[in-house]
Amino acid sequence: MIEVHGLSKSFAEPVLRDVSLAVPRGCLFGLVGPGAAGKSVLLKCLVGLVTPDRGAVTVEGETVTGLDELALQRVRRRFGMLFQNNALFDYLTVGENIAFPLRRMGVTDEAELAERVADRLRAVSLAGFESRMPAGLSGGQKKRVGVARATVTRAEIVLYDEPAAGLDPVTSQKIFDLLRREQRETNATVIMVSSDIDRLLTVTDRVGLLHKGELLFDGTTDEARSSRHPVVKQFIHGEVEGPL
Amino acid sequence: MSELEAPTTDEAARPAGFVADVGREALDLVAAARSLWSVLTRTLHWTLRGPAEPGAAVQACYEIGNQSVFFLSVTMGFIGMILVFQSALQALRVVPDLTMLGATFLELLVRDLGASIGAMMLATRVGAGIAAEIGSMVVTEQVDALRMCGVDPVNYLIVPRFKASLIMTGVLIIWAGAVSFGAGAATAYFLFDVPVNTFMNTSLLDRGDVLIGLAKCVAYGAAIPVVSGWCGLGTLGGSEGVGWATTRAVVNSSLAVIVLNFLISSAGFLLFPT
Amino acid sequence: MSPPDEETLSARVGASAFAVAAEVGGVAILSARLVRRLFPPRVDGPELLRNLYKMGVRSLPIVGVTALFVGAIMVVQAGVLIRRFGAEGLLGWGAGFATVREVGPILIALMFSGRVGANNTAELATMTVTEQIDALSTLAIDPLSYLILPRVISMVVMLFILTIFGDVLALLGAAYTGQGLLGVHVATFWNGLLEAIRVWDVATGLIKSAIFGLIIALSSSHYGLTVTGGAPGVGRAVNASVVASATGVFIADYFSTYVLQ
């Protein structure tokens, strides 16, 4: 269970305004909204990468906001995260990138590491890519390596920031299907940020809509599809006419 | 004092008005000092207690040495020639005797200029390099990814460079000082007919000079990676942000060298009455 | 993060020599193209004023702080000699002369390079990687007249003015440190300085500062315009630009000291 209470954050101008949200355990939650709506910032607030101005975040009953960096390190072990720009370490091979979180959690047995890395690469259909460097991969391949790294620790909560941004429609759908399959297998709690609303709705259990820093909608995928709220309706159905 | 701003403030987003500006600047300065202090204490903490990244410090030593030895030799060589030339001309105005030229130059080099000008150059070369590398990792979210894996970026990115800088700053400055002295001796010999044996005169050098010089090497070597790493970690935005961070690293670490120079020189002056 | 490669030393020295020659040649070509735009002058007036203001205001605090400390440091160094020979009257000459003629212009130029030069490279490099420079060309706006020439002129003019400002502050810093640390009265300092210093000494320092300004302007623009490779490329360009500027400043200083004696 991830709970967010009255979260607010401003940089130059307000990015999040009084956002409250609850994501139950084992749920695949889709966070949607137009550009610059505060989606990435909200995601980063959940793991303490961004410190909110007001409000609280609790993960499985433990309050994350206000923890110091050392305590946050412990909390973050429960999480896996895929970053918007993948954030692969460009000086490490693909295999070492995926092994990195495991090494940091104290796994030192090289055979076990190699096995778990190979298993992850098979899951994202990149078997045998261990010794490649990230710079030589295509956009879709980098994304999939990012997914492999985010899921390698079998974290109970996984955050995906724009898992399909900049990819062609076929590759995007494959990525979304892969993430859904991963979630079913591990029964992890997943929060997925995307502006690719059509494909996202094919995999989510619940959906939240963030607009100009405010959470305008929070409900099941079916409720989102039939919502009468003008902004939600316009965004979900991709209409040109409307308040957006 | 815009130079001392926290890297996390946005220059574009300020309310107008002089009082608001001054207040904002003061708050920025406090925030900047706090975040710099935090980077410094974490660097020291991890250096003394933390698990070391195997080989990372050695790699950093190699990089610092390799990227700056040529640059440092050229600039310090020219400094040696300029100073000897200038002071010989000055001395000849007063007395036609250049026998103490080398001794005076050597004392000044050991006591101050070798370490201080050399460190200004290292702040430019090494400081900018550190900020550019770390800044690029910040904007591509690699630093966030490190934090998500339970790694303190200070330990992983700054500490190896800190250890390397402590060692290499001393090594490079001694080398560059020797180059500078050699270039000075050549200038004195070719332009003013001062024999090399006369120039190589250590009679004015004492324990205090050497201690002050070494203290400066250590202080500058510690300050440059901490200040420029702090600037790199505070990078905001895309490629422009990396450019900004690099600029800040050069200016702030040069400024750190100048301020430390003043403090150590003054302390040395009071501690070692010649 | 390049590992030591296995090329021979001579091959690497040769490669570096070619690389240096290529950059120097690039700066020379840029200068020639800029000179052509001076006859008749084709400079964007508003852009020139904007740059003058921006560069001046941005570097005022850093130059001020640097100058005060430089003056103070020079006094501490001269203090060693004063104490040795017991001649207080020489303090103004010893600290002030070197400050105005040599150390002041160099250190102010280095800080200016770090602040304004590096920033210039960062801005131009960002414009280059985001294709804004190409966009200007397609709008039939000459990037050299519109962007580069105003910046080059502003940097030369501003470093000259800032060096005057810095000289004054450095001497103030020196005089009051002399009183605080050595107990040499401020008036003694000024008398010592004014007796020994000639107008030509001050002028030498200022002529040098104009030369330094030109070097910083040309190399920072050159590296900004020739950047490749996204955000990491911008960082590398800024780094290369400040290194080239500092090297250029020291080499130019040697030759101008030689010529302007």
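Quick note: structure is the one above.
Below is a short write-up of the structure.

Parameters and conventions
Residues numbered from 1 in each chain as written. Chains lettered and ligands numbered in written order. Predicted model: local features only at pLDDT ≥ 70, side-chain atom pairs only at ≥ 80, totals over all residues. Heavy atoms only, no water. Helix = DSSP H or I, 4+ residues; strand = E, 2+ residues; numbered from the N terminus. Contact = heavy atoms within 4.5 Å. Areas by Shrake-Rupley, 256 points an atom, 1.4 Å probe, with all protein chains shown as cover. Lys, Arg positive; Asp, Glu negative; His and termini not counted. Charge placed at Lys NZ, Arg CZ, Asp CG, Glu CD. Buried < 20%, exposed > 50% of the residue type's maximum accessible area, 1.4 Å probe, protein only. Buried area = accessible area lost by both parts, 1.4 Å probe. Salt bridge = Lys/Arg side-chain N within 4 Å of Asp/Glu carboxyl O. Polar contact = N/O pair within 3.5 Å; in protein donor to acceptor, adjacent residues only side chain to side chain. Axes fitted to C-alpha atoms, helices over the stretch in contact; angles between N-to-C directions. Left-handed = near helix turned anticlockwise from the far one by under 90°. Nonpolar A, V, L, I, M, F, W, Y, C, P; charged D, E, K, R; others polar. Pairing = 2+ DSSP bridges.

Concerning the overall build of chain B
Of the regular secondary structure elements, chain B holds 8 helices and 0 strands. N-terminal to C-terminal, the α/β element order of chain B is α-α-α-α-α-α-α-α. Dimensions of chain B along its principal axes, counting C-alpha atoms only, are 65 × 50 × 35 Å. For chain B, long-range pairs separated by at least 24 residues make up 84% of all intrachain contacts whose partners lie at least 6 apart in sequence. For chain B, the exposed area adds up to about 10,700 Å²; of that, 71% sits on carbon and sulfur atoms. Within chain B, the 20 negative side-chain charges are centred at a point lying 6 Å from the centre of the 14 positive side-chain charges.

Considering the overall build of chain C
What chain C contains, in helices and strands, is 8 helices and 0 strands. Tracing chain C from N to C terminus, the helices and strands come up as α-α-α-α-α-α-α-α. In terms of overall dimensions, chain C has a C-alpha envelope of 65 × 50 × 35 Å along the principal axes. Surface summary for chain C: the accessible area is close to 11,000 Å², and the carbon and sulfur share equals 71%. In chain C, 16 side chains carry a positive charge and 16 a negative one; their mean positions are 4 Å apart.

Some thoughts on unusual backbone geometry
Leave glycine aside and you will find that most residues have negative phi; peptide bonds, for their part, are mostly trans. Residues and elements named next belong to chain A. The residue E60 is not glycine, and still its phi comes out positive at about 50°. Turning to its location among the elements, E60 is positioned in the loop between β4 (54-59) and β5 (62-63). For E60, a relative accessible area of 23% gives the class partly exposed. A positive phi angle, near 55°, is found at N187, a position not held by glycine. Here N187 lies in the loop between α6 (169-186) and β8 (189-193). Among the residues examined, N187 registers a relative accessible area of 52% and is labelled exposed.

Looking at the arrangement of the chains
Summarising the chain contacts, 2 pairs of chains touch, and the pair with the most contacts is chains B and C. With no contact formed, the shortest span from any C-alpha in chain A to any C-alpha in chain C equals 8 Å.

Section: the interface of chain C and chain B
Reports often express the size of an interface as the amount of accessible area lost when the parts come together. With 59 residues of chain C at the interface, the matching set in chain B holds 60 residues. Both faces combined, the contact of chain C with chain B buries some 5,300 Å², and carbon together with sulfur accounts for 71% of it. Summed over the three residues of chain C that lose the most area to chain B, namely C:R83, C:F250 and C:Y254, the buried surface amounts to 12% of that side. At the boundary of chain C and chain B, one finds 0 salt bridges. Applying the counting rule to chain C against chain B returns 5 residue pairs in polar contact (both at pLDDT 80 or more). When residues of the side of chain C that touches chain B are assigned to their parent elements, the largest contribution, 19 residues, is made by helix α8 (residues 230-259) of chain C.

Comments concerning the environment of B:A119
Residues and elements named next belong to chain B. Topologically, A119 is positioned in helix α3 (residues 101-139). Separated by 47 residues in the primary sequence, A119 and L72 have C-alpha atoms spaced 9.3 Å apart. Ignoring any residue separated from it by four or fewer positions in sequence, one finds A119 in contact with I173, Y220, I224 and V257.

Considering the packing of helix α8 (residues 239-271) of chain B against helix α5 (residues 143-182) of chain C
Relative orientation of the contacting elements α8(B) and α5(C) amounts to 35°, with a least axis distance of 12 Å. The interaxial crossing formed by α8(B) with α5(C) has right-handed handedness. Where α8(B) approaches α5(C), its residues B:F262, B:S266, B:F269 and B:L270 are matched on the opposing element by C:T177, C:L181 and C:L182. Of the residues contributing to the contact of α8(B) with α5(C), the split by class is 5 nonpolar, 2 polar and no charged.

Here's the deal with the interface of chain B and chain A
Each partner contributes residues to the interface: chain B has 18 residues there, and chain A has 22 residues. In total, about 1,900 Å² of surface goes out of reach between chain B and chain A, with carbon and sulfur atoms giving 57% of it. The three residues of chain B that bury the most area against chain A are B:E141, B:R147 and B:M148, which together make up 36% of that side's buried surface. Linking chain B with chain A are 2 salt bridges.

Concerning the sheet that holds strand β2 (residues 14-23) of chain A
Residues and elements named next belong to chain A. Reading across the sheet, the 4 strands line up as β2-β1-β4-β5 and stay open at both edges, with antiparallel pairing between neighbours. Here the strands that pair on one side only, and so sit at the sheet edges, are β2 and β5. Taken together, the 2 bridges between β4 and β5 define a ladder with antiparallel strand orientation. In the strand pairing of β5, V59 is matched with E62.

Keep in mind these numbers describe shape, not what the thing actually does.
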